[in-house]
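Single-letter residue listing:
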Amino acid sequence: MVIKNGVVSGTHPTMDGEPDFDTWLSQQLQFNEPHLDDSGFCDRVMAELPPVPAKRDERRATRYQYAAVIAASAIVCWQFPLQDLLASMSEHSISLYSLVGVGILGAFAAMTGGIVAARR
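Presented here is an overview of the structure given in this document. (Residues numbered from 1 in each chain as written. Predicted model: local features only at pLDDT ≥ 70, side-chain atom pairs only at ≥ 80, totals over all residues. Heavy atoms only, no water.)

Side note on the overall build of the chain
Then, number 1: A count of helical and extended segments in the chain gives five helices and two strands.
Then, number 2: Counting from the amino terminus, helix and strand elements in the chain follow one another as β-β-α-α-α-α-α.
Then, number 3: By residue count, 5% of the 120 residues in the chain fall in the buried class.
Then, number 4: For the chain, the exposed surface amounts to about 10,500 Å²; the carbon and sulfur share of it is 64%. (Helix = DSSP H or I, 4+ residues; strand = E, 2+ residues; numbered from the N terminus. Buried < 20%, exposed > 50% of the residue type's maximum accessible area, 1.4 Å probe, protein only. Areas by Shrake-Rupley, 256 points an atom, 1.4 Å probe, with all protein chains shown as cover.)

A look at unusual backbone geometry
Then, number 1: Look at Ser-39: it is not a glycine, yet its phi comes out positive at around 55 degrees.
Then, number 2: One can find Ser-39 in the loop between α1 (21-29) and α2 (41-48).

Let's talk about a positive patch on the surface
Then, number 1: There is a patch of like positive charges on the surface, built from Lys-55, Arg-56, Arg-59, Arg-63 and Arg-119.
Then, number 2: With four residues, helix α3 (residues 55-79) is the single largest residue contributor to the positive patch.
Then, number 3: Tracing the backbone shows Arg-59 in helix α3. (Patch = residues over 30% accessible without salt bridge, like charges linked within 9 Å, V, L, I, M, F, W, Y side chains within 5 Å. Salt bridge = Lys/Arg side-chain N within 4 Å of Asp/Glu carboxyl O. Lys, Arg positive; Asp, Glu negative; His and termini not counted. Charge placed at Lys NZ, Arg CZ, Asp CG, Glu CD.)

Re the side chain of Ser-73
Then, number 1: Its location among the elements puts Ser-73 in helix α3.
Then, number 2: Judged by relative accessible area, which is 13%, Ser-73 ranks as buried.
Then, number 3: With near-sequence residues (within four places) excluded, Ser-73 lies in contact with Phe-108 and Met-111. (Contact = heavy atoms within 4.5 Å.)

See the structure below:
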């Protein structure tokens with residue numbers, strides 16, 4: 001491969017007889033083809049695209065996600081027989097309270113992680 005005045009000439013064949021990819025790519029990039037007139041098609045398509053959402057819309061969506069998680073958690077807690085569970089745990093051992101607490105904290109951490117992942 002020889003480069004003179006920015007023009008690549010000659011090829012350096014690889015083992016299978018094909019020219020080197022870098023050489024081929026540099027030769028392809030040297031072509032100066034005329035611009036293909038699209039009669040303003042690209043400009044019309046770009047004008048029809050929806051605008052980029054504002055940060056305010058993203059914050060609103062985030063608030064709705066947090067509200068949905070809180071509502072779902074409230075429904076689960078309302079349907080869960082928490083009073084019977086607490087009475088049963090108090091009869092057996094106090095250490096079960098910590099187990100339930102860890103479970104609740106883990107659930108909230110998982111929901112928060114889901115919200116953070118959805119925002120990305």
